[in-house]
Each structure stands twice: as C-alpha cells, then as structure tokens.
Amino acid sequence: MLAYENFVAASAAGRLVDGISMKIAHGERVALVGASGSGKSLTGRAALALPPRGVRYSGRVTFEGRDLLATPERELCRLRGATLAMIFQEPATALDPAMRIGAQIEEPLLIHTDQPASARRDRVAGLLERTGLAAAGVGPERYPHELSGGQRQRVAVAIALALKPRVVVADEPTSALDSVSAGLVLDLLLALTAEEGAALLIITHDLAVARRADRIAVMAAGRIAEEGAAADVLDAPKSAAGRALRTGGGLTLPARESTLGAPVLEGRAISVDQGGQRVVDRVDVAVRAGERLALVGGSGSGKTTLMRALLGLVPADGEVRLHGAPVTPDPRRTGQVAQMVFQDPATSFDPRQSVLQIVCEPLHGRGLSWAARREMAAHALVRVGLEVDALARRPHAFSGGQRQRIAIARALVGAPAALVADEAVSALDAAIRRDIVMLLDRLVREEGIALVFIAHDLHLVRRLADRVAVMEAGRIVEEAPTETLFATPRHAATRALLDRIEDDDEDNNNHREVDHGA
Amino acid sequence: MRLWIGGGATAFLAGLALIAAWWTPYPVGTIAIAERFQPPSAEHLLGTDHYGRDIVSMLMAGASTSLGVAALAVAIGVAFGVPLGLLAASGGRWVDAVVMRSADLAFAFPALIVAVILTTLLGASAMNAAIAVGIFNVPVFARLAAAGGRRVLALDFIDAARLSGKGRARIALEHVAPNIAPVVLTQAATQFAIAILAEAGLSYVGLGAQPPTVSWGRMLNEAQTMIAIAPQLAVWPGLAIVAAVLAITTFAEGLRARLDPRFARAVVVD
Amino acid sequence: MPRKTAVNASPIRRLLRRLLGLAATLLAASLLIFVAMSVLPGDPAEVLLGMNADPAAVDALRTEMGLDQPLPVQFARWLGGVLAGDFGESATYAVPVTDLILERAVVSVPLAILGVLLSVGIALPAGLLAAIRRDRGTDNLVTTLAQIGLSIPSVWLGLILIYLFAVVMKVVPAGGFPGWDAGVGPALSALILPAVALAAPQAAILTRITRTAIVEAMDEDYVTLARAKGRSVAGAVARHALPNALAPILTIVGLQFGYLVAGAVVIETVFSLPGVGRLLFQAVSQRDLQVVQGVVLIVVATVVVVNTLCDGLAVWSNPRQRQRQRQRQQRRRPA
C-alpha cells in the first residue's frame, strides 16, 4: 500500500537518505530503527511528503499506486490528516500552545469533513474518551501546557486518528516520556491503529518499542542495513548496525570485589523547592568510596535536582556531609570533593575555551604553576584515553564520545573522591556508550572513587551499579543492592520501571550470563 | 560577503570622517556668497551651498560629527549597559529586579525627550545629543546582556566552573562576557546605525550640533528653507545618511551571520 | 496539584497588580523628570519677570509659585496639580500649560494614530507575506525594501515628499495646518504626508520583526503538525503561527511606540504643524520650564501606558504566559 522506491533525501550537505526501498502492507506495523542521524525520521516524513526545511526528496514514495512526491500540494493537503497521519516525538512542542486541545483535535475534522459542529464535538469527546484523557479529567477546554507529557502525546494520538487514516507515521512517539507513560501511550497507539485497521510506521531507537512491530527495518547511514520479521532482526541480527542497536550488547565488566570505604558524599533530609513545588522531599542518600550508586526513576522524579542539591548547585534544605563532616553546601567547597559529568556534551563546555583551559579549570585557585597544571591536564586526558595533542583544540572539534571523555578528564583532574554522572552516556551511540561505561567502571575499581550515576537504561544500571535507589515524586521509594532490587522489586514504581524491560530481557538474559561469567 | 561590503563601506566612511577632523578640500567655516549655488564641477564635485561652501567638504565634516556622536552614544550604552546586564543576570533576585525595572523605566524616555531635558539644562550641543542617545542605549544593552547572560548561566559548563571554585564575578567575567560578546558586538553595530538616524533628527530640530559645527541633520534643516530654489542641497546629506546607515546595517547583518551567537540570541529591537 | 490552586489569582487581581505597577512606574518617571528640571540652574521667577526685575517682585513671585518651599513639597504640589489636570502656567504665554497642550494635541494625537495605523497596516501583511514566501523572490523584495526603509531618516523622507507634492506637483501646501474648523477633509490631507514620513521607518522595522516572529513560529513542530493535518502553508500560518507570533510582535510594537512619539515630534517641525512637538521646541528655546516639564511628562506617560497596554495584550494573547504569570504571583505570596 505504501511503498518507497529508491527514495532519496538530500540537503545542501549531501545525501541523508541514500536510495532506500521498502513496502508497508495494509494494517501492517513496521518499525524503523537506527541510531540518531541514520535518516529514519526523514524517511518517515516522506510518507506525508513533508520534508523539513532545506531537505529535498526524490525517488518515489507511492501510496496506493500514486507517487506522493509528484502529487501537487493541493491534493496532498487533502490526503494529509485524513488518510495519512503523523505523530511527532516531542509532545512539548508538537501541540499549539495557544490553542485549546479540543480545537486541535477538531482541526482535521474541520479541514476534511462537512460535519456539523455538534457532530465534531461528539467525535472530539469520543476521542478524549477513547484515549483515556476524559477518565483523567482532561476536557477539550484545556491548553497543552496544563497537561503532562504523556497526556499531550495522547492528544497527538487522538489528532492522528480523528479521521480513519490508512497510514500513521509515529516519529519516536514515546522517547520523550518517562517509562510508565511511554508504555501506556504505546499500548494506546497500537490498540487504536489496530482498531481502525491503519498501517503504522513507527520510528524508534528503543528496541522494546520495535519488538511490538510485525517487521523491523534497521537504518544506518541513510540506507536500510537489514529488514525482516521483528523477532528475527532482534534475536539474530545479520548486519553490524543491527547488532550495535542492542542495549549493552557486548558490555563486559570485570567482576568486582566489594571493598567499600567510608561515606564520601552524604545528604540528610535534603529538600528542594522550585516554583512553589517540592521537587526533592526529605531525602537521605550516601555513597561510599569505591561504591557505584545508581539513581533511577521517571523523568521529573527529582534525580538530577537531588544530585545538584548535594553539590550545592541549587539551594536546598537539609544537611550535606563531605567525608562525614557537615558542610555548608557551596559548590566551591563541595567541588573539592565531588565533581560532575553532565548529560549533554554540547553544553558542558564553554565553546570559547580550549580543551587545556577546560580540563585545567578545577585546578583553579590551588596555587599551582602553569606547567604543573598543564602536566596534570595531560595526565588526565591520557587516563580517559585521549591523546595529549587534544589540549590545544576546542571542544567542538571532537565527537560526542570524545567530548564526554574530556568531561570526565575535567572531573578527574583535581582527584575528587566522588564523581556524579548525570545520564553521562545517554546521548551517545551504543558502541561509544560501552567504552565510556567501561572507563567509569575502571576508574571506580582502580582509584576507589565513589560514583553516583543517574541512568534511564536499566541494563546499564544492572551491570554497573552496586546499589540502586529508585526515585519517585521527589522521594527515594526503594533502595537496595542491585541484584536484590532486580530480583524482588518491592515498590510499585520499581515494578513499573522493570516491566518496561521485561520483553527485552527474555532474549538478553543468556547474554548477560555470558557477560558476567567473562 | 555582506560582512566585507558593509565593513568596507563603513571603514571608508569612517576614514573620510577621520580625515575631515583635520582636513577638508575647502574650509567649511567661511562664507563666500559669491560662490553660492554652484553646479557640480571639477573644483566642487557636488557644487556649493547657499553660503558658497563646498558640499563635499560639508559632507565630510558632517560625517565626523554624525559618526563621532554615534560612536560615543554606542560606547556609553555598552560601557554602562553590559555591566548592568551582567550584574542583573548573575546577581541575586533583588539586584535583578532593581536593574530590570530601571531599564524598563529608562525605556520610557525616548532619546529625543532626554535631549530636550539636557538641552533645557545645559544648552544644545553635539555632546548632549551623544549623551541623550547614549542614555537611551544603556537599557538596550542592559537587557541584551541580562537575557544573554541568563541563557549562558543556565548551561552545564557554568556548574562545572562553580564546582571548580570560581565565584560569581569571576564566572561573569571569564565565561559569560566572552560568550555574549558576539551578540553585543552585533547589537552595537545596529545601535550605531540607529544613533546616526537619531543624531540627524536631533540636530535637524536644533537639539544637537550647533553652528559652526557641521552635521548632516543641520544641513537638511538649512536645505529645507531653500527647497524651492535648490532642492539638490537636500539630496546630498540625505543620501549620506542613507549610505552610512545601509553600510552599517549590512555590516551588522554580516556580523550576525558570521559570529553565529550560539548561546545568546539577539533581541530584535532594531 | 499546584495547577489547580493557581486558579485563585483572579483576572481582576491580576489587572489590579498591573495597574499598581503602572502607577509606580509613572510616579518614578515623574519624580525623575521633576528632579532633572529642578537641578536646572536659574530661577524660574527671574526668567518670568525678566533680567531687570525688582528683586522684591521676584521674591514675591517665588513665594507665590512655591519656589521657596523645600523640593519634596514642591514635587508634591506639582504632582497634585498634575493629577488634577493642572500643569502650571506657561512663562511666555501666561496661560495654563494644560490649555496649551490640549490646543496642540488635536494635531499631534491624530498624527500619531495615523502613523500607527499606516505602519501596522503596511507591516503586518508585508511581514506575513515575506515569511510565507521565505527565501523566495517576494521575501527578498520585501526584506530589501524594509532594509532601505529602515535607512531613510524620516526628516529626509518628509523633505522629499514636500518637494514632490508641494513644490513640483503643487497638490498640497508645503506645510502648516488649516485647523479642524476648516473641515475634516483639508485637515486630514494636511496630515497625510507627515503620517507617511512618520510611518515609513516604523513600518520597515515592524515588517522585519513580523517576518522574524512568524518565521520562528513556522519552524515549530505544531506548525508542521498542522500541515500533517492537511492545512496549507498559508492556513497553518494563519491558524497557528500568527497567534503564537502575536505576543512578541505586540511587545515590540509597544517598545517602538517611544520612537514613534519622538518621530512625530520631529516630523511636526518638518511640516510646520502646530502640534505638541513645536510647542516643546519653542518652550526649550524660550526656557519655558513649566511647558517643557508638562510636555515631557505627558510624552513619557503615554509611552509607559502604551507599553503596559501592549505587554498586557501580549500576555493575554498567550495562554502559557497567562499561566506563568499566575504561578509567579503564587510564588510571591507567603505560604
């Protein structure tokens, strides 16, 4: 029904999608997976002939035999929203902030049908009902900013399915959501498309999502690397790109001996209020020398804020202790004991500084000579696996993985006793992620650093952490040694998080056994 | 491309203005009624005005007044506005509120009104015009620096710097200022163009440069009385202003594209 | 849960808060003006009576004008008068300043309104068109015209218009104002050229701002989603980009108003219109303090009020802003 024939997307910089061919049958669910930049979103948008600015489509994309790329705009407008529908990744930006959600859901009806106002109102009410929004007390009169991310994405689903479309393209519909709402939205999307008999092209990098499709196409560097039944591609990937997708695939960490020291970084009854809301609520947390503590929880559960409060980067109530002694949480003080590695390598460096200036920064004010600082910076770079000649360059000359190494070098240069990594690897591709994780692991083992890391990837948590703390709504609701927590989760929030990886776990289990044995 | 054309034209005008401070082809202070209303010739490229003064010389002298006043006005705006903005962005909530409310208040006083007050107090002069336009520029740069500064201060590398033991002032100086420099520079070029227009308006209505100082705005004023007899007198100063403003705004646009201010976007108050 | 509780900041409360802020700004501005005018060297009473006046008469006048009082008392008296509509008496004309200003306002206010209408009327459609046709011929033409319009001093444009229409074609007088008594037609036609000269640079600025705001909104996901719903580019812009771009445009219109007022004052001089601007410049050259002080206060107050009005409209046009403001107020209140 929908077919790509030698489809090409090109920008001024070159070909982004390089001649792919693919077919999607009536009512079929196809997952398009691949690393960021592999061209999967551009391929998805071609089904509505909606290239982003500066991108040109060529080749053929046919819908029921008609080439969409050669169809005049006026007729495309008639197809879009009625027969071909789309759901975007970012629920925060995909809805018009100045329009009530009822009006936004009604829009396709208004554009494509002659239904009277009362019929349209009924249809909107029906969609709100069907997407579970009505049950959550969300009426058509609400504005997008009044809804949670998951609710907004439900509105997007309602918009896409307002008229019975034949094809729905969903571009990473769940990746901006926390794991609980992601699961619910995905279930809803699958159920509704199945009900309407619509074909679904779902673009994702999350294998748990891809598993729910009939077929999977793996994209890499603008081409389809492999394509096949979902189970086949996931269990026995033939291409290198297919294998690289597997979370934690090939991650092998040496067995560790538990030689835990005294608490290094400790918070007692830490509370943070932001915007009249209690973001962190009387949390006790501590990490010992040589220990790896993972902090997990849905987005907005307060993980990052808690860590920033411990380091004195946000004002907080409660007591912070460094090496057992209470201190005023001032970053100038805490920074001598604990350093931080940030999530986004793009914003964690001053673009006007050289790598040398960046890495030397924590040595500021220690009365060291320039030569001594340079020496220490060079040493730190070597420890994270970079060449010394990197010192003279600026951070934008490096790849994401290399930048994260520079960030770790900066954190390490002053020999801190504790390291806080805030999703330090989640912006990286699987292979690079593995390298960085192994680097962190080695640092803890060899230098006895206390590591606190925030992560969404539970496979990673299971492999790297000694102890896991689960956060929900500003509190630590469960805290336990890693294997205990994974084997016998006690709190509902923990179980909800673990449910998300159940599917993926079944086939990964044997790999993990191998990993641990190695 | 724009950068070079605009920059070249701006440099050319600035050069003429600089030269005119010491030398013009003919003196602009002497009146020679016998020579008046001469058509363009080899001696007087653009002819002479109603007092027999060489128009090319007048334009050059006017350039040094206009560009000098504009440069001073922008310098005042940057020198006071940027530190105030940085203070607002990195200081506490009270400092922020006081600086920003003052900036709001200052916006309520158009340059012309400040010039009126200054002229009533001190009498008209080119310097007063520069101060009036400069005062108007202060809140422009304060807001720009505060907005850009806040955006930079929210980035992760600022937290890294804080953990490295740097204090507020040091961070403002070492990290925030260099990162907002491109936007400030671009805005400075834009404000320079606006200042030229403002100076022309002020000296036209008699709130700026006074005789015998020559300025483009005053040339326009004098030309108006002659407009029925010698319309060409009104053409040249007007064209000079348009050329200067176009050159500088082109330069500013080129600068904006080249410097690509990544973290701090310019506010569009041009 | 904080969402629900935020609702109790009622619209009336918000309006009151805004009005209170406005009043504070106006008070600060009038204080600033008063202080600036008070540091003026020279004695208004002496100016009024002339250089060779009898010192006893000057003293008597000083007492009568309240100039022997301490400054705070003088300020309070002046402000009290202003609030009652009394701006003092002109030294040169010996008539109440209020009468002088009202007499001139019948020229200046229509001119400013015409200028705003013209510039918004040109800029909004032009900016929209340029944004929709981004990077194509129409866009380049509009942007280039705007760039040139921005570079032309309104004084010069006024001179050109006078030369073309009054000197060459002789269709309008070279300036002056027949008064509204002469009929609405002649009076308006005397204001058309000044309004065009006033509006042109404003329109150029506003066109660029409109284009930028719309272009920015067009890059948002929700505009793409609107197209995915089947809207045409123009439809998506009209329905989604424009409402969202309105807030920044309105804010800038408010900020631009100061330039417009200043421009109007200058343009009145170019066209010899007997407006508030001319009154102001005469007062400056005659050092008629009460008039200068009164006109300056009125101009500044107008700018402040229009600014607040535009800001309020901008907030009102944007539900997210409305909410944010509610939350801010929530936070300020003690728990």
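Counting from 1, residues in each chain are numbered in the order their sequence is written. Key to labels: chains lettered from A, ligands numbered from 1, both in the order written. Reporting of local features is limited, given that this is a predicted model, to residues whose pLDDT is at least 70; pairs of side-chain atoms are given and counted only at 80 or more, and all residues count toward the totals for whole chains, interfaces and linings. Working from all heavy atoms in the structure, the side-chain values ignore hydrogens and water.

A. Region of interest: the overall build of chain B. Per the convention used, a helix needs a DSSP run of H or I reaching at least four residues, while a strand needs a run of E reaching at least two, with both numbered from the N terminus. The helix and strand tally for chain B stands at nine helices and zero strands. Counted from the first residue to the last, chain B has its helices and strands arranged as α-α-α-α-α-α-α-α-α. Along the longest, intermediate and shortest principal axes, the C-alpha atoms of chain B span 75 × 45 × 30 Å. Relative accessibility under 20% of the residue-type maximum defines a buried residue, over 50% an exposed one, and the middle range a partly exposed one, all with a 1.4 Å probe and only protein chains included. Going through the 270 residues of chain B one by one, you find that 57% of them count as buried. Counting contacts in chain B only where the partners sit at least 6 residues apart, residues at least 24 apart contribute 72% of the total. As displayed, chain B offers around 10800 Å² of accessible surface, 69% of which is attributable to carbon and sulfur atoms. His is not counted, nor are the chain ends; Lys and Arg add positive charge and Asp and Glu add negative charge. A single reference atom marks each charge: NZ on Lys, CZ on Arg, CG on Asp, CD on Glu. Separation of charge centres in chain B, based on 17 positive and 14 negative side chains, amounts to 12 Å. Residue contacts follow a heavy-atom distance rule, with two residues in contact if any of their heavy atoms lie within 4.5 Å. Here the Shrake-Rupley method, with its probe set to 1.4 Å, supplies the accessible areas, and only the displayed protein chains count as covering residues.

B. View of the UniProt feature "transmembrane region" (unreviewed entry) in chain B. Residue and element names in this part refer to chain B. UniProt positions are given in the numbering used here, feature names are shortened, and annotations may be inferred rather than shown by experiment. In the numbering used here, UniProt assigns the feature "transmembrane region" (unreviewed entry) to residues 58–86, 107–136 and 234–255. Helix makes up 100% of residues 58–86 and strand 0%, and the two end C-alpha atoms of the span are 41 Å apart. Counting secondary structure, residues 234–255 comes out at 100% helix and 0% strand; the distance between its end C-alpha atoms is 32 Å.

C. Seen up close, the packing of aromatic side chains. Stacked, tilted and edge-to-face are the three classes assigned to paired rings of Phe, Tyr and Trp, where Trp is represented by its six-membered ring and a pair needs centres within 6.5 Å; plane angles under 30 degrees give stacked, over 60 edge-to-face, the rest tilted. Within this structure, the stated rule accounts for seven aromatic pairs over all chains. Ring centres of Phe107 of chain B and Phe136 of chain B lie 5.9 Å apart, and the angle between their planes is 85°; on these two criteria the pair is classed as edge-to-face. Taken together, the residues span a long stretch of sequence, with Phe107 of chain B in helix H3 (residues 93–107) and Phe136 of chain B in helix H5 (residues 126–153) at a distance of 29 residues. For Phe107 of chain B, a relative accessible area of 7% corresponds to the buried category. Here the aromatic residues Tyr4, Phe7 and Tyr57 of chain A are joined through ring pairs into a cluster of three or more.

D. Structural detail: the interface of chain C and chain A. If you look at the interface, chain C gives 25 residues, while chain A gives 32 residues. Each of two parts loses accessible area, computed with a 1.4 Å probe, when they are put together; buried area is these two losses added. Taking both sides of the interface into account, the surface hidden between chain C and chain A amounts to around 2700 Å²; carbon and sulfur atoms contribute 57%. A side-chain nitrogen of Lys or Arg and a carboxyl oxygen of Asp or Glu constitute a salt bridge if their distance falls within 4 Å. Taken together, the links from chain C to chain A amount to four salt bridges. Here Arg231 of chain C ties to Glu107 of chain A by a salt bridge, and the two come within 2.6 Å at their closest N and O atoms. Whenever a nitrogen or oxygen atom comes within 3.5 Å of another N or O atom, the pair is scored as a polar contact, on the condition that within protein one atom can donate a hydrogen and the other can accept it, and that pairs from neighbouring residues in sequence are kept only if both atoms are in side chains. Our count for the chain C to chain A interface comes out at 13 residue pairs in polar contact (both at pLDDT 80 or more). Within the residue set of the side of chain C that touches chain A, elements represented by two or more residues are helix H1 (2–5), helix H10 (221–228), helix H11 (233–270) and helix H14 (319–332) of chain C. Take the side of chain C that touches chain A: its biggest share by element is six residues, from H10 of chain C. Within the side of chain C that touches chain A, the residues separate by chemical class into six nonpolar, six polar and 13 charged. Residues are grouped as follows: Ala, Val, Leu, Ile, Met, Phe, Trp, Tyr, Cys and Pro are nonpolar; Asp, Glu, Lys and Arg are charged; all remaining types, including Gly, are polar.

E. Here's a closer look at the pairing of strand S12 (residues 277–288) of chain A. Residue and element names in this part refer to chain A. Relative to S12, strand S11 (residues 263–274) runs antiparallel, the two being bridged by eight bridges. Along S12, the bridge assignment pairs Leu265 with Val287. At least two DSSP bridges between two strands are needed for those strands to be called paired. Between the antiparallel neighbours S11 and S12 lie two residues, among them Gly275 with a positive phi of about 55°.

F. Spotlight on the nonpolar core. By convention a nonpolar core is built from buried Ala, Val, Leu, Ile, Met, Phe, Trp, Tyr and Cys residues, the set being connected through side-chain atoms within 4.5 Å. Counting residues in hydrophobic clusters, the biggest one holds 138 residues, and the most contacted among them are Ile196, Leu207 and Trp216 of chain B together with Val296 and Val300 of chain C. No other element matches the 14 residues that helix H7 (residues 168–204) of chain B contributes to this core. Leave out the neighbours within four places in its chain, and Trp216 of chain B touches Leu59, Gly62, Ala63, Ser66, Ile196, Pro237, Ala240, Ile241 and Ala244 of chain B.

G. Here's a closer look at the packing of helix H6 (residues 97–132) of chain C against helix H9 (residues 184–218) of chain C. Residue and element names in this part refer to chain C. Relative to each other, H6 and H9 sit at 35°, their axes nearing to 5 Å. For the crossing formed where H6 meets H9, the hand is right-handed. Of the residues assigned to the contact of H6 with H9, the class counts are 26 nonpolar, six polar and one charged. A fitted line through C-alpha atoms serves as each axis, taken over the contacting stretch for helices, and the angle formed by two N-to-C directions is quoted from 0 to 180°. Whether a crossing is left-handed or right-handed is set by the direction in which the near helix is turned from the far one by less than a right angle, anticlockwise for left-handed and clockwise for right-handed.

H. The arrangement of the interface of chain C and chain B in detail. Listed by partner, the interface residues are 46 residues for chain C and 40 residues for chain B. Together chain C and chain B conceal approximately 3800 Å² of surface at their shared face, both sides included; 78% is due to carbon and sulfur atoms. For the pair chain C and chain B, the interface holds one salt bridge. Here Arg208 of chain C ties to Glu253 of chain B by a salt bridge, and the two come within 3.2 Å at their closest N and O atoms. Taken together, the connections running from chain C to chain B amount to five residue pairs in polar contact (both at pLDDT 80 or more).

I. Spatial organisation of the sheet that holds strand S9 (residues 215–220) of chain A. Residue and element names in this part refer to chain A. Spatial strand order, S6-S7-S8-S3-S9-S10: six strands in an open sheet with mixed pairing. Only two strands of the sheet have a single neighbouring strand rather than two, namely strand S6 (84–87) and strand S10 (223–229). Shown here is a sheet whose adjacent strand axes are inclined to one another by a mean of 15°, direction ignored. Relative to S10, S9 runs antiparallel, the two sharing six bridges. Note on S10: the bridge partner recorded for Met219 is Ile224. Sitting on the sheet, helix H6 (residues 149–160) touches S6 and strand S7 (167–171), and the angle it makes with S6 is about 175°.

J. Local environment of the pattern of salt bridges. Residue and element names in this part refer to chain A. A full pass over the atoms with the stated rule returns 47 salt bridges over all chains. Across the pair Arg215 and Glu227 runs a salt bridge whose closest N-O atoms are separated by 2.6 Å. You can see Arg215 sitting in strand S9 and its partner Glu227 sitting in strand S10, a full twelve residues away along the chain. Overall, Arg215 belongs to the buried group, its relative accessible area being 19%. Judged by relative accessible area, Glu227 falls into the partly exposed class, the value being 34%.

K. Spotlight on H5 of chain B. With 28 residues, H5 of chain B extends 39 Å between its outermost C-alpha atoms, agreeing within 8% with the 40 Å of an ideal straight helix rising 1.5 Å per residue. In terms of burial, H5 of chain B is largely enclosed, as 20 of its 28 residues are buried. The span expected for a helix works out to 1.5 Å for each residue beyond the first.

L. Focus on the packing of helix H2 (residues 55–90) of chain B against H3 of chain B. Residues and elements named next belong to chain B. Following both chains from N to C, one finds H2 and H3 inclined at 140°, their axes separated by 7 Å at the closest point. Our pair here, H2 against H3, has a crossing hand that is left-handed. Residues Leu84, Leu87 and Ala88 of H2 touch H3, and the partners they reach there are Val95, Asp96, Val99 and Met100. The residue makeup of the contact of H2 with H3, split by class, is six nonpolar, no polar and one charged.

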